[in-house]
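Architecture at a glance
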Protein chains: 10
Amino acid sequence: MADPSILETFPTPTDQPFVIEHVAEEFTSRCPKTGHPDFGVVTLRYQPRSAADGGTCVELKSLKLYYQDFREQGIYYEAVTNAICADLVAALNPAWLQIITSWKGRGGIRSDIRADYGDVPSHYRGR
Amino acid sequence: MADPSILETFPTPTDQPFVIEHVAEEFTSRCPKTGHPDFGVVTLRYQPRSAADGGTCVELKSLKLYYQDFREQGIYYEAVTNAICADLVAALNPAWLQIITSWKGRGGIRSDIRADYGDVPSHYRGR
Amino acid sequence: MADPSILETFPTPTDQPFVIEHVAEEFTSRCPKTGHPDFGVVTLRYQPRSAADGGTCVELKSLKLYYQDFREQGIYYEAVTNAICADLVAALNPAWLQIITSWKGRGGIRSDIRADYGDVPSHYRGR
Amino acid sequence: MADPSILETFPTPTDQPFVIEHVAEEFTSRCPKTGHPDFGVVTLRYQPRSAADGGTCVELKSLKLYYQDFREQGIYYEAVTNAICADLVAALNPAWLQIITSWKGRGGIRSDIRADYGDVPSHYRGR
Amino acid sequence: MADPSILETFPTPTDQPFVIEHVAEEFTSRCPKTGHPDFGVVTLRYQPRSAADGGTCVELKSLKLYYQDFREQGIYYEAVTNAICADLVAALNPAWLQIITSWKGRGGIRSDIRADYGDVPSHYRGR
Amino acid sequence: MADPSILETFPTPTDQPFVIEHVAEEFTSRCPKTGHPDFGVVTLRYQPRSAADGGTCVELKSLKLYYQDFREQGIYYEAVTNAICADLVAALNPAWLQIITSWKGRGGIRSDIRADYGDVPSHYRGR
Amino acid sequence: MADPSILETFPTPTDQPFVIEHVAEEFTSRCPKTGHPDFGVVTLRYQPRSAADGGTCVELKSLKLYYQDFREQGIYYEAVTNAICADLVAALNPAWLQIITSWKGRGGIRSDIRADYGDVPSHYRGR
Amino acid sequence: MADPSILETFPTPTDQPFVIEHVAEEFTSRCPKTGHPDFGVVTLRYQPRSAADGGTCVELKSLKLYYQDFREQGIYYEAVTNAICADLVAALNPAWLQIITSWKGRGGIRSDIRADYGDVPSHYRGR
Amino acid sequence: MADPSILETFPTPTDQPFVIEHVAEEFTSRCPKTGHPDFGVVTLRYQPRSAADGGTCVELKSLKLYYQDFREQGIYYEAVTNAICADLVAALNPAWLQIITSWKGRGGIRSDIRADYGDVPSHYRGR
Amino acid sequence: MADPSILETFPTPTDQPFVIEHVAEEFTSRCPKTGHPDFGVVTLRYQPRSAADGGTCVELKSLKLYYQDFREQGIYYEAVTNAICADLVAALNPAWLQIITSWKGRGGIRSDIRADYGDVPSHYRGR
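1. Focus on the overall build of chain A
When its secondary structure is counted, chain A shows 2 helices and 6 strands. Put simply, chain A runs from its N terminus to its C terminus through helices and strands in the order β-β-β-β-α-α-β-β. Scaling as 2.2 N^0.38, a compact globule of 127 residues should have a C-alpha radius of gyration of about 14 Å, and chain A matches this with 15 Å. Per-residue burial for chain A yields a buried fraction of 46% across its 127 residues.

See below:
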């Protein structure tokens, strides 16, 4: 598994609730069965806890390095999505968090996997 | 009819609810009236039951082979959509499941057929 | 007016509720004032009544012929939309039905007309 | 101001509620400060009152002429949007009505102004 | 920080509620860590208080100059979004207001930050 | 066949060579075999002879009426393209002229037919 | 191999040179190694010999049936392209002819194969 | 006619040949027959004479004002294109110059008019 | 460097000249300076020597494996392009061959590198 | 002016001729008249001299820093294009080189400026 200790955070800069979205278009891991590379896009959306509540945001460069850590790992679409979700929830303790992975496809089938943590607002679900 | 016993499954990797979407862009069957080939896109969306609940996910290669089994079959748009929905519900026993088929058209008319099983969240309906 | 007796139906193939959408991209009628041709796209969406409830679906080729019957008719955008809606409701007795016509425009203005019958789900309204 | 008496109407052709949308892609007025031309797209959406209720629809050519009447007028984005909305509400007495103006921009900023009259359905808001 | 006193306002021209959206496609600031330029798009949406309520709208040219004031400032994505939101709320005292910033990306990751003030209608959230 | 005497012309306004392109997006005729409507886009490009040379240009409204004259005619793609080309060459006596018809397709095949008269410059060929 | 005797022709309707293009978007054959279906788009472009020269054009429905004949055949991209080219050249004896096949891809690689017969004009090459 | 004396120029900044392209997306004039507004896009491309040769370039704001001068003028597509070409050639005495006007269309037909002055390189023709 | 001995070939299936294009959308290597991953698209175009001339084509799966061999290699854009070009020329001895690599970019700059071997036809250059 | 001594180079890695293209999508300078920021895209294309000929390529990060050096400079579109061209020619002594700048526009007019050095192949001109 990728090493979640790579993830760095900084304090939420405000008490106003707001939403952060980071779309990583260059994600790659390996198929655990065949060893062939998989290529996907990873979307992270979350609402940090407020400054008053000790909330934190993920530092962008550390997020990039964390994602790169999956490069040589053999892992299924479903598992990598849930793993990233769990690691980021542990690192950020957010109000809510959402991970969507989009895979270019194998055998003529392309796939999206969506994992939600906490009370994701309905306008972000299914997108 | 296609043979649903081709479908293989694997255990849901987590107890967190999440959503899986597989879009097969190269589906073909035959018109039961004229025998001419039909070409469509088949979208499968579902939420597997949780690991604790004995949930299962569909294995991607078996899904591809199951779809290929319709290649020489004569079957209407409406019937193939409901048949795929019923077979996958039987194989996966999911929390909910949705099948959308999109057909390139005959006689200047293109068609979408949408079948839902269980309590499909509203943000997935009509898309 | 076009002849609704052209419309043929077949029994709904299942008791599961599902939704059918047919988009006719090559519709033409005439402006009743000037006689000039109008060109539009006609979207039909409906949920047939279930098989148990004696529901029926529209046969695709007959729908095409019914639409072609408007070719030489002089009729306003608003009227043709409501006429198609009424004819299809009479022919299909559906759970709900929706007609949207989109017109390329006259005088720099393009137009959409939307007519709903019955309880069209909110996720189909306004699209 | 443009002359709303240009607007002609015709009786709603049905008692069924339906929605009309006219998108005028070639609207121009002038900036009241600089006198420079502004170019925008004006979207009108409304539900006419029913035939039984004495409802009326706007005649398309008169709408075009009414819009052309703004060509040499100096008027702010916000004001022209509300003026069109008020004139059309007065002319049509609709169930509800919505005006959206989209402006190509000045100084690297493009703008949309949205005005609603009556109970505009939620699926039309914010689009 | 940018100087919010640059922002000029004018009185809301009507008592009818309406919504204003200004999309600035040419926003640039600097990364506070590396000093490298960041490029983004800033979307402002708000409903001004009514004329009767003493509401005001932001003057477009002053908004442009206010945005240009960030050009040489070192500031994080999250902070600039919340700063713009706070300054505009202070200047306009709107019914509600929303700021969305979209950044072209660093290290293969592009980002959106969304901040809401007051009761932003659900149809504007998550867009 | 459509009546080429509908076509009106006006004198070329200059001695400088220039090129005129009219794209008619709403062309319809009928298949001579099945009688079903065909829908296409007709592109006309030509260089009129110069004013000094007694050149003429086609009047736009008469071109539209000439095209509408094919509406109920049964004619093959190849034949209608060559017929339009011949009629316009006869009416305009141009330096060169090009007709391209694009058809939405039958049986999953869409078609373009291209006919050239005179010395069409190479940069217009094959487009 | 597909049966080229399915191909029907009709006499070229004119002595003027012109170009015909048919794009078949729903072509499928099988990989000769794995037996898995391949999906492609087949573009045919040709200039028929003139009427005076006894030229012929391919009849569209027979072309469709000829293409369908590859449905269950195991054949490589390169071979199917050259086979279609040779069969159509034999059937039509054209001035020139071009076949381009575009394949959706296997293993993350999509492919185009282009075969020319005779003196294909330069503006059609490489497109 | 528009007043070409509005056009201002500045000296070509270099002796190296280079090409300038200005695309005005908000051009409007009036149809000389009906008086209705026309809306188009005007593309100007030219190579200024070199600095050593006393070459000049058009100043952008004066070009904008010159174009605005056509706003209330009744003038045909073909004539306005040739008029702009002639005025700019007179003002700039360029190595070569090209004007392309694109019109949104009347009666379902959209039009492009292209006028060239001097030896326009082949790679700019027909675009 | 990647191992070119992975590349397998098969005999050209015809004596007719034709062109093969393979676009690999999921190529990744590493920056030799920073070690960070680079992501690109690799386009291979070539004309194989004829069957009579002992020509060969590259087998698609072996091409994929050859490309994957660069995954952990540190190599510049320019070098990887020329390396792939040289390896494929050595393996195929083609009539001509072209490699284009497109890179998503670093620091806001995206790059294309194009290498040609032999007499690449002009219509393929610069695309 | 920007400081060309920022530009670093590295030796051309091969004797085979090849072409390098770098597209900088985040370029900004200032209008020398008004001081307002301009935003553009800068495309650099060149063929380096060969290794044997002592050719050099521009290092990507130094190119980025060189472009950033224009950020606070007041300079016309035409001048900045020719300045970048001259600086890169001096730094690289290439076989040929091309600079294209694309500007989002002022007053409804967007602009492209193209400067060529040496014998730029025709397939790159005008793009």
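2. Quick word on the relation of the copies chain E and chain A
Mapping chain E onto chain A calls for a rotation angle of 72° and an axial translation of 0.0 Å; the resulting RMSD is 0.0 Å. Those values place the two copies in the arrangement expected of a five-fold rotation axis. Among all residues of chain E, the minimum C-alpha distance to the rotation axis is found for His123 of chain E, at 6.8 Å.

3. With respect to the environment of Ala51 of chain H
Looking at where Ala51 of chain H falls in the secondary structure, it is placed in the loop between β3 (37-47) and β4 (56-58). Dropping the residues within four chain positions of it, Ala51 of chain H is found in contact with Pro11, Thr12, Pro13, Thr14 and Asp15 of chain H.

4. A short note on the confidence of the model for chain A
Summarising the model, chain A shows a mean pLDDT of 93, and 98% of its residues fall at 70 or more. Under the prediction, the complex receives an ipTM of 0.89, its pTM being 0.92.

5. Overview of the interface of chain E and chain A
Across the boundary between the two partners, chain E contributes 17 residues, which contact 20 residues of chain A. Every element with two or more residues in the side of chain E that touches chain A is listed here: α2 (77-92) and β6 (109-118) of chain E. Top contributing element to the side of chain E that touches chain A by residue count: β6 of chain E, with 7 residues. Its residues placed into classes, the side of chain E that touches chain A shows 4 nonpolar, 7 polar and 6 charged.

6. Things to note about the pairing of strand β2 (residues 18-30) of chain G
As paired strands, strand β6 (residues 109-118) of chain F and β2 of chain G are joined by 7 bridges and run antiparallel to one another. The residue bridging Asp112 of chain F from the neighbouring strand is Glu21 of chain G, located in β2 of chain G. With 9 bridges connecting them, β2 of chain G and strand β3 (residues 37-47) of chain G associate as antiparallel partners. When the bridges of β3 of chain G are listed, Glu21 of chain G appears paired with Arg45 of chain G. Hairpin connection from β2 of chain G to β3 of chain G: 6 residues lie between these consecutive antiparallel strands, with Gly35 of chain G at a positive phi of about 80°.

Cut-off values and rules
- Residues numbered from 1 in each chain as written.
- Chains lettered and ligands numbered in written order.
- Predicted model: local features only at pLDDT ≥ 70, side-chain atom pairs only at ≥ 80, totals over all residues.
- Helix = DSSP H or I, 4+ residues; strand = E, 2+ residues; numbered from the N terminus.
- Rg over C-alpha atoms; globule rule 2.2 N^0.38 Å.
- Buried ≥ 20, exposed ≤ 12 C-beta atoms within 10 Å, placed from the backbone.
- Least-squares fit on C-alpha atoms with pLDDT ≥ 70 in both.
- Contact = placed C-beta atoms within 7 Å.
- pLDDT = per-residue confidence, 0-100.
- Nonpolar A, V, L, I, M, F, W, Y, C, P; charged D, E, K, R; others polar.
- Pairing = 2+ DSSP bridges.

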